[in-house]
Amino acid sequence: MGIIVFYEGNNGTQNIVQTVEDTPGQNFRPVKNDEIRSCKLYGVRPGCEIMAYDSPDGSTSDDFTIINVKRISPEYTVDTFERSYEDEYVVVSFIRNNGLDGKISRIKIN
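This one's a predicted model, so the numbers in the text were calculated from it and none came from an experiment.

Looking at the overall build of the protein
What the protein contains, in helices and strands, is zero helices and 10 strands. Reading the protein from its N terminus to its C terminus gives the helix and strand order β-β-β-β-β-β-β-β-β-β. In summary, the protein has a C-alpha radius of gyration of 12 Å against a globular reference of 13 Å for 110 residues, a match within 12%. Considering only C-alpha atoms, the protein reaches an extent of 30 × 25 × 25 Å along its principal axes. Nonlocal contacts in the protein, meaning residues at least 24 apart in sequence, comprise 61% of its contacts between residues at least 6 apart. As displayed, the protein has an accessible area near 5200 Å², and 45% of this comes from carbon and sulfur atoms. Charge-centre separation for the protein: the mean point of 12 positive side chains lies 1 Å from the mean point of 17 negative side chains.

What follows is the structure in structure tokens.
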């Protein structure tokens, strides 16, 4: 079972806001609204999709980011939710409206 740790600061720094497993079918409001700016993935399964939304109801009319895990890694840091990129471990797709870091109000994991 992989672990996803959400952080208050960019680059996986400052306080941990919330820790969850990579179980599919999760859809929740973070324990602290508008705090998360980055996350670390510990052994998260390939095919896992992590979606972070500015909108509390997960609307795609506001900022959102989708992280698709391609390959398992013992520890991988997603430094920001405001950058689209791809490497050997993940594909990150950021759809901008007015910024997402520190404004995440809903998370879905599939």
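Details of the environment of Asp57
Tracing the backbone through its elements, the reader meets Asp57 in the loop between strand 5 (49-53) and strand 6 (64-69). Of the polar contacts made by the side chain of Asp57, one reaches the side chain of Ser55; its length is 2.3 Å. One polar contact links the side chain of Asp57 to the main-chain amide nitrogen of Ser59, over a distance of 3.3 Å.

Basis of the calculations
- Residues numbered from 1 in each chain as written.
- Predicted model: local features only at pLDDT ≥ 70, side-chain atom pairs only at ≥ 80, totals over all residues.
- Heavy atoms only, no water.
- Helix = DSSP H or I, 4+ residues; strand = E, 2+ residues; numbered from the N terminus.
- Rg over C-alpha atoms; globule rule 2.2 N^0.38 Å.
- Contact = heavy atoms within 4.5 Å.
- Areas by Shrake-Rupley, 256 points an atom, 1.4 Å probe, with all protein chains shown as cover.
- Lys, Arg positive; Asp, Glu negative; His and termini not counted.
- Charge placed at Lys NZ, Arg CZ, Asp CG, Glu CD.
- Polar contact = N/O pair within 3.5 Å; in protein donor to acceptor, adjacent residues only side chain to side chain.

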